[in-house]
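# Structural description and commentary
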Amino acid sequence: MTKAQEIAYDLREQIVSGRLAGGEALPSESQMMNQYGYSRETIRAGVRVLIEEGLVVTGQGQGKYVREDYPPVVWNWTTLESRSRHANAIEGRTAGDQWASVISETGNAPRQDITVSIVEPPQHVRERLELPENGLAVARKRVRFIDNRPYALADSYFPQELVTGTPLMEPRDVSAPGGILASVGLVQDKYVDEISVRMPTRPEAELLALPAATPVAEHTRTGYDTEGRPLRCMVTILPGDRHKILYEVSTD
């Protein structure tokens, strides 16, 4: 190993073994220079390896810290947004939308930063909603926090003519028995889910405070009515270090 690789190996072993815990600061460069007997540039090169691996993050100033673990959230996408869960979305039995309700049920505190706008949606969303070229959609964009830590991005797109004047235009948590769409006569009869795994874009990494080398799952769910008309396309960005997706599939 090179000297930098030697430093990275030793620090990595300390992190994996728990001797350096999540959120704990690494020894200062001066301390590591004394410990390893190498130059400052060599120390920095070794630490840089761990930053690129996502094991170490840069804090305020010049501090370097062990990447902090996020408690994982398990999402059962089979039942989330099911009619049975929508039926329980009544006052006193919900914390807002279904995502917030699920988080509250685990004893954690949900929060969402919500913006609403009329946009030309991304191409793949426009195709799912079967909008014409230059067609417009209402976009409800949410940054989702659990215990004040950013956990996910969830952008829901609706054909503009379907939801103008409904509560979905309000930039806040909204809910209704059966779901907001159903409450205005737009009942989703089935969902089509697509999941891809990729590295985040820069805006996604910034909004979610993602350390380096953190992949995300992009979950796209399109809801259709009984006639096959698309009513909504939701794109959720789930960082790989804080989510687990569960599906229950019948063998029938």
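In this report, the structure presented in the accompanying data block is examined. Just so we're clear, the structure is a prediction, and the values are computed from it rather than from any experiment. (Residues numbered from 1 in each chain as written. Predicted model: local features only at pLDDT ≥ 70, side-chain atom pairs only at ≥ 80, totals over all residues. Heavy atoms only, no water.)

Turning next to helix α1 (residues 3–17). For α1, built from 15 residues, the straight-helix expectation of 21 Å at 1.5 Å per residue is met to within 8% by its first-to-last C-alpha distance of 21 Å. For α1, the full list of buried residues reads Ala-4, Ile-7, Ala-8, Leu-11, Gln-14 and Ile-15. One face of α1 carries all of its buried residues, which in axial projection span an arc of 125°. Buried residues in α1 make contact with α2 (29–36), α3 (40–53), β1 (56–58) and β2 (64–66). Phi turns positive one or two residues past the end of α1, at Gly-18, with a value near 95°. (Helix = DSSP H or I, 4+ residues; strand = E, 2+ residues; numbered from the N terminus. Expected span 1.5 Å × (residues − 1). Buried < 20%, exposed > 50% of the residue type's maximum accessible area, 1.4 Å probe, protein only. Arc of directions from axis to C-beta. Contact = heavy atoms within 4.5 Å.)

What follows concerns the packing of α1 against α3. Where α1 meets α3, the closest approach of the two axes is 8 Å, and the angle between their N-to-C directions is 50°. One element, α1, and the other, α3, form an angle in the oblique class. Crossing handedness for the pair α1 and α3: right-handed. Of the residues in α3, those in contact with Lys-3, Ala-4, Ile-7, Ala-8, Leu-11, Arg-12 and Ile-15 of α1 are Thr-42, Ile-43, Ala-45, Gly-46, Val-47, Val-49, Leu-50 and Glu-53. For the contact of α1 with α3, the per-class residue count stands at 10 nonpolar, two polar and three charged. (Axes fitted to C-alpha atoms, helices over the stretch in contact; angles between N-to-C directions. Parallel < 35°, antiparallel > 145°, perpendicular 65-115°, else oblique. Left-handed = near helix turned anticlockwise from the far one by under 90°. Nonpolar A, V, L, I, M, F, W, Y, C, P; charged D, E, K, R; others polar.)

Per the counting criterion, the structure on display carries one aromatic pair. Relative to Tyr-151, the ring of Tyr-70 lies with its centre 5.4 Å away and its plane at 65°, an arrangement referred to as edge-to-face. Of the two residues, Tyr-70 sits in the loop between β2 and β3 (73–76) while Tyr-151 sits in strand β6 (residues 149–159), which places them 81 residues apart along the sequence. Pair check on accessibility: Tyr-70 and Tyr-151 agree, each one buried. Directly above the aromatic system of Phe-145 lies the positively charged group of Arg-111, at a separation of 4.0 Å from the ring centroid. For Lys-190, the ring lying beneath its charged end belongs to Tyr-224, and the centroid distance is 5.6 Å. (Phe/Tyr/Trp six-rings, centres within 6.5 Å; stacked < 30°, edge-to-face > 60°. Lys NZ or Arg CZ within 6 Å of the ring centre and 35° of its normal.)

Once that is clear, we can look at helix α5 (residues 98–105). Along an α-helix, residues three or four apart share an orientation, since each turn contains 3.6 residues. Summarising burial for α5: six of the eight residues are buried, a large majority. When α5 is considered as a whole, its buried residues turn out to be Gln-98, Trp-99, Ala-100, Ser-101, Val-102 and Ile-103. Positioned one or two residues after α5, Gly-107 has a phi angle of 90°, which is positive.

Let's shift gears to the nonpolar core. If you look at soluble globular proteins, the nonpolar side chains tend to sit buried side by side. Membership of the largest hydrophobic core comes to 16 residues, with the highest contact counts inside it found for Val-125, Leu-129, Tyr-157 and Ile-237. When residues of this core are traced back to their parent elements, those giving at least two are α6 (123–129), β5 (137–146), β6 and β9 (230–239). Filtering out sequence-adjacent residues up to four positions away, Val-125 remains in contact with Tyr-157, Cys-233 and Val-235. Counting residues in each nonpolar core, the second largest holds 15 residues, with Tyr-70, Trp-75, Leu-80 and Ala-152 among its members. (Core = buried A, V, L, I, M, F, W, Y, C linked by side-chain atoms within 4.5 Å.)

What follows covers the packing of α1 against α2. At their nearest, the axes of α1 and α2 sit 12 Å apart, and the two run at 110° to each other. If you check the angle between α1 and α2, you find them roughly perpendicular. Where α1 approaches α2, its residues Ile-7, Asp-10, Leu-11 and Gln-14 are matched on the opposing element by Met-32, Gln-35 and Tyr-36. The class makeup of the residues in the contact of α1 with α2 is four nonpolar, two polar and one charged.

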